[in-house]
Amino acid sequence: MSIYQNNLIIRRPTIADRKTILEMIEEYHKADSSTSGLWNFADKQDNFEGWLEANLLQEAGLLGENIPAIQFVAFNEKNQALGFLNIRLRLNQKLLSTGGHIGYSVRPSERGRGIAKKMLKEAITIANTKNIQKILVTCHRDNPASRAVILANGGVLENSIDKMERYWITSNEQS
């Protein structure tokens, strides 16, 4: 668990977070906004417990395309869910092209407050603890806010594939 300025807390979700996470997902849907950083959750899924179990299987690399990944959620000091964060510990060809190691999104009503920048910063730190020092992060070419977040965290543009820009962030902790 990490605590940031403004009491931003990033951690794995639990059953106690059901209400706030489902409310956040509903807000994404009402805003017709992408839930980047949210894995294994079907639209309008009503089995929150199943999602938590899927997260454990995903972390072990036993779900989907066998890519181990850790699902996090960002919360404020009142335990309100603010955004999704997913860290992929390995990349397949699809993630190498368009997904990267880290996916994140901020709840529509909380955007523009620096939350995504802090989330990505924490994700980089977590990736380092998982022995990932060269981190791929992607964003849609038409998403200047995400591009700014990536650049603020040291992202260097490698190229674009289709409409996705691919940025590499090299850890400062690399020896």
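Parameters at a glance
- Residues numbered from 1 in each chain as written.
- Predicted model: local features only at pLDDT ≥ 70, side-chain atom pairs only at ≥ 80, totals over all residues.
- Heavy atoms only, no water.
- Helix = DSSP H or I, 4+ residues; strand = E, 2+ residues; numbered from the N terminus.
- Buried < 20%, exposed > 50% of the residue type's maximum accessible area, 1.4 Å probe, protein only.
- Contact = heavy atoms within 4.5 Å.
- Areas by Shrake-Rupley, 256 points an atom, 1.4 Å probe, with all protein chains shown as cover.
- Lys, Arg positive; Asp, Glu negative; His and termini not counted.
- Charge placed at Lys NZ, Arg CZ, Asp CG, Glu CD.
- Arc of directions from axis to C-beta.

### Describing the overall build of the protein
So, point 1. Counting its regular elements, the protein contains 5 helices and 8 strands.
So, point 2. Along the protein, from the amino end to the carboxyl end, the secondary structure elements read β-β-α-α-β-β-α-β-α-β-α-β-β.
So, point 3. Taken across its 175 residues, the protein has 49% of its residues classed as buried.
So, point 4. Taking contacts inside the protein between residues at least 6 apart in sequence as the whole, the part at least 24 apart equals 58%.
So, point 5. Total accessible area on the protein stands at roughly 9,200 Å², and carbon and sulfur atoms take up 49% of it.
So, point 6. Of the charged side chains in the protein, 22 are positive and 19 negative; the average position of the first set lies 4 Å away from that of the second.

### As for helix H5 (residues 144-152)
Because each turn of an α-helix spans 3.6 residues, side chains separated by three or four positions end up pointing in the same direction.
So, point 1. Turning to H5, its buried residues are Ser146, Val149 and Ile150. Buried residues in H5, looked at end-on, bunch into an arc of 95 degrees, giving them a common side. H5 presents Pro144 and Ala145 as exposed residues on the side facing more than 90 degrees away from its buried surface.
So, point 2. Residues of H5 that are buried make contact with strand S5 (102-106), helix H4 (115-129), strand S6 (134-140) and strand S8 (164-170).

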